[in-house]
Amino acid sequence: MFYSGQGGQPRWIAPLAIAALIGATSSMAMAQAGMNTTSLQHEIVLDDLENPWDMAFLDDGTMFFTEKCQGLSVRMASGEVNALLGMGGAEGYPATADDLFCEGQAGMMGVAVDPNFGENRRIYVYSTSNMSDPHTNRLMRLVVNEDFTGVSERTDIVDDVPYKMAASDHPFGGPGAHNGGRVRFGPDGALWLTTGDNHNEEIPQSPTLMGSKVLRMDTDGNAHPDNAPPEGFDPRTYTYGHRNVQGIAFHPGTGTAIVAEHGPWHSDEITVLQNGGNGGWDPRDNMAGRGDCPDNYCGYMPNQMDGMNRYERAAFMPMTDFKTYPDAMPPIWTNNGWSQGTSSAAFLEGEQWGSWDGALVVGLMGIGFGGTPIGQRIDVIELADDLSVVDVTEMTLPMESARFRSLVLGPDGSLYTAVDEGVIHKLTPTN
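About the criteria used
- Numbering of residues begins from 1 in every chain and follows the order in which that chain's sequence is written.
- Local features in this predicted model are restricted to residues whose pLDDT is 70 or higher, and side-chain atom pairs enter the listing and the counts only when it is 80 or higher, whereas totals over whole chains, interfaces and linings include all residues.
- Remark: hydrogens and water are excluded; side-chain values derive from all non-hydrogen atoms of the structure.
- Note on pairing: two strands pair once DSSP finds at least 2 bridges between them.
- In DSSP terms, a helix is any run of H or I states spanning at least four residues, a strand is any run of E spanning at least two, and both are numbered starting from the N terminus.
- For helices, the fitted axis covers only the stretch in contact; all axes are lines through C-alpha atoms, and the angles between them, taken along N-to-C directions, range from 0 to 180 degrees.
- Cysteine sulfurs are considered disulfide-paired once they come within 2.5 Å of each other.
- Only protein chains enter the accessibility calculation, which uses a 1.4 Å probe; a residue is then buried when its area is under 20% of its type maximum, exposed when over 50%, and partly exposed in between.
- Buried residues of nine kinds, namely Ala, Val, Leu, Ile, Met, Phe, Trp, Tyr and Cys, make up a nonpolar core once their side-chain atoms join them within 4.5 Å.
- Contact between two residues is taken to exist if any of their heavy atoms lie within 4.5 Å; hydrogens are not considered.

Student: For the sheet that holds strand β12 (residues 151-162), give the residues involved together with the corresponding values.
Tutor: Pairing is antiparallel across the open sheet formed by 4 strands, whose spatial order is β9-β10-β11-β12. Every interior strand has two partners, whereas the edge strands, β9 (108-113) and β12, have only one. On average, each strand axis in the sheet is inclined to that of its neighbour by 20°, with strand direction left out of account. Alignment of β9 against strand β10 (residues 122-129), held across 4 bridges, turns out to be antiparallel.

Student: Please provide a residue-by-residue account of the state of the cysteines, values included.
Tutor: According to the stated counting rule, one finds 2 disulfides in the structure shown. Linked covalently through their sulfurs, Cys69 and Cys102 form a disulfide whose S-S length is 2.2 Å. With the S-S dihedral at roughly 110°, the linkage between Cys69 and Cys102 falls on the right-handed side. Within this pair, whereas Cys69 is found in the loop between β5 (63-67) and β6 (71-75), its partner Cys102 is found in the loop between β8 (96-97) and β9, the two being separated by 33 residues in sequence. Judged by relative accessible area, Cys102 falls into the partly exposed class, the value being 27%.

Student: Give me the lowdown on the pairing of strand β18 (residues 257-261), citing residues and values where you can.
Tutor: When you tally the buried positions in β18, you get 5 out of 5 residues, the bulk of the element. Here β18 shows two buried faces, one formed by Ala257, Val259 and Glu261 and the other by Ile258 and Ala260. Here strand β17 (residues 245-250) folds back onto β18, and the loop between the two strands holds 6 residues, one of which, Gly255, carries a positive phi near 80°. Sheet analysis places β18 next to strand β19 (residues 269-272), joined by 4 bridges and oriented antiparallel. Each residue of the ladder has a partner; that of Glu261, found in β19, is Glu269.

Student: Explain unusual backbone geometry residue by residue, including any values.
Tutor: Residue Asp133 is joined to Pro134 through a cis peptide bond whose omega torsion reads 5°. The linkage connecting Met301 with the following residue, Pro302, adopts the cis geometry, with an omega of -5°. Phi angles above zero are rare outside glycine, and Asn303 is one such case at about 60°. Mapping Asn303 onto the fold places it in the loop between β19 and α3 (310-316). Note on Asn303: relative accessible area 36%, which makes it partly exposed.

Student: Lay out the nonpolar core with the relevant residues and their values.
Tutor: In terms of nonpolar packing, the biggest core is built from 22 residues, with Phe64, Leu72, Phe117, Ile123, Val125 and Phe148 touching the most fellow members. At the level of secondary structure, the elements contributing two or more residues to this core comprise β6, β7 (81-87), β9, β10 and β11 (136-144). Not counting the four nearest positions on each side in its chain, Phe148 is found in contact with Leu58, Thr62, Phe64, Val74, Met76, Asn82, Leu84, Phe117 and Arg121. Of all hydrophobic cores here, the second largest spans 19 residues; its members include Val380, Met395, Phe404 and Leu415.

Encoded structure:
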């Protein structure tokens, strides 16, 4: 469904008006620079994958990609695909890591290429590991061999991101919930990692548990010297108090980090990060006017298994609790109060994108819970100089909608997206 809006509050257009609207504006869209919603070329880069989770590129178009329950592979610029590192029990890889496993939402997730790859051949992969008990999520540094047929020198530079070991009485309540998982290099050369709350009420506001955080580090996993978390916090912490951040991108003009985050049956959020800032997520029971909650976690309350008015739910269990944390970082977009699986984020860059040059794109996987519109789509979010939301436009896609797990701008200026259904797509504007 198409919508547009101001200030992060989309204005829904009646379905019967859509055809007339598109017919009246399609020729204008082709003529005006930047109006690319009807003029995207589409190419399937890879298909028949198993839950592709993330991608990272070299300048020549070589693409590393992960599959959540399979492992790490690379697609060469020629189109040839080489398997590199498999999960425990995976087949068809030159090597496997027996400690790596997938369960529920957990597995092999984010991947990033070192800015100095040409010299050090390093890449970084985030995966779930049973090497310790309880198990953890780990950020691994790997070295790719010269012909891109294998990796070596695994170094776990972060080994203490919590993992949910046991099922709990919650939606999607099995082991492995809420791991975050996006790995990116910022324009300052720092390495960033997003993490999640594991359905554990203590993690978001904890100074020492490394879930529900955005970490900023060097390539050895040491804290960035300019991080400014509150006293007593792990120095790797850039921000804390998040629910489950799976999208992070950096504004092309300022380098500011912006995250996209899953909401709890309401209020997906996009937030401009502030060094040392609190995201305001605190699902503990017996506080903020709440009583006991299932397994001590109020994250989907009240009425967690059934639909209800999203604003009433948000008043009981806010995504950003300004009453408790008045200095919490305010979101710039809340998806009109819906929770629809906001998973990934990237910035469009280049004159080929016309007026969308510099716009933020976010991928939504779709939920459809309790009367919520499913919402599988890519939104284009245009920002003002102060990083407030100016306009939101749903991208008209040249292929079927799906669960948009990852968005990455390729070195060719095209937008690549991995979907849970097993495909990596390439979208290229034509003006």
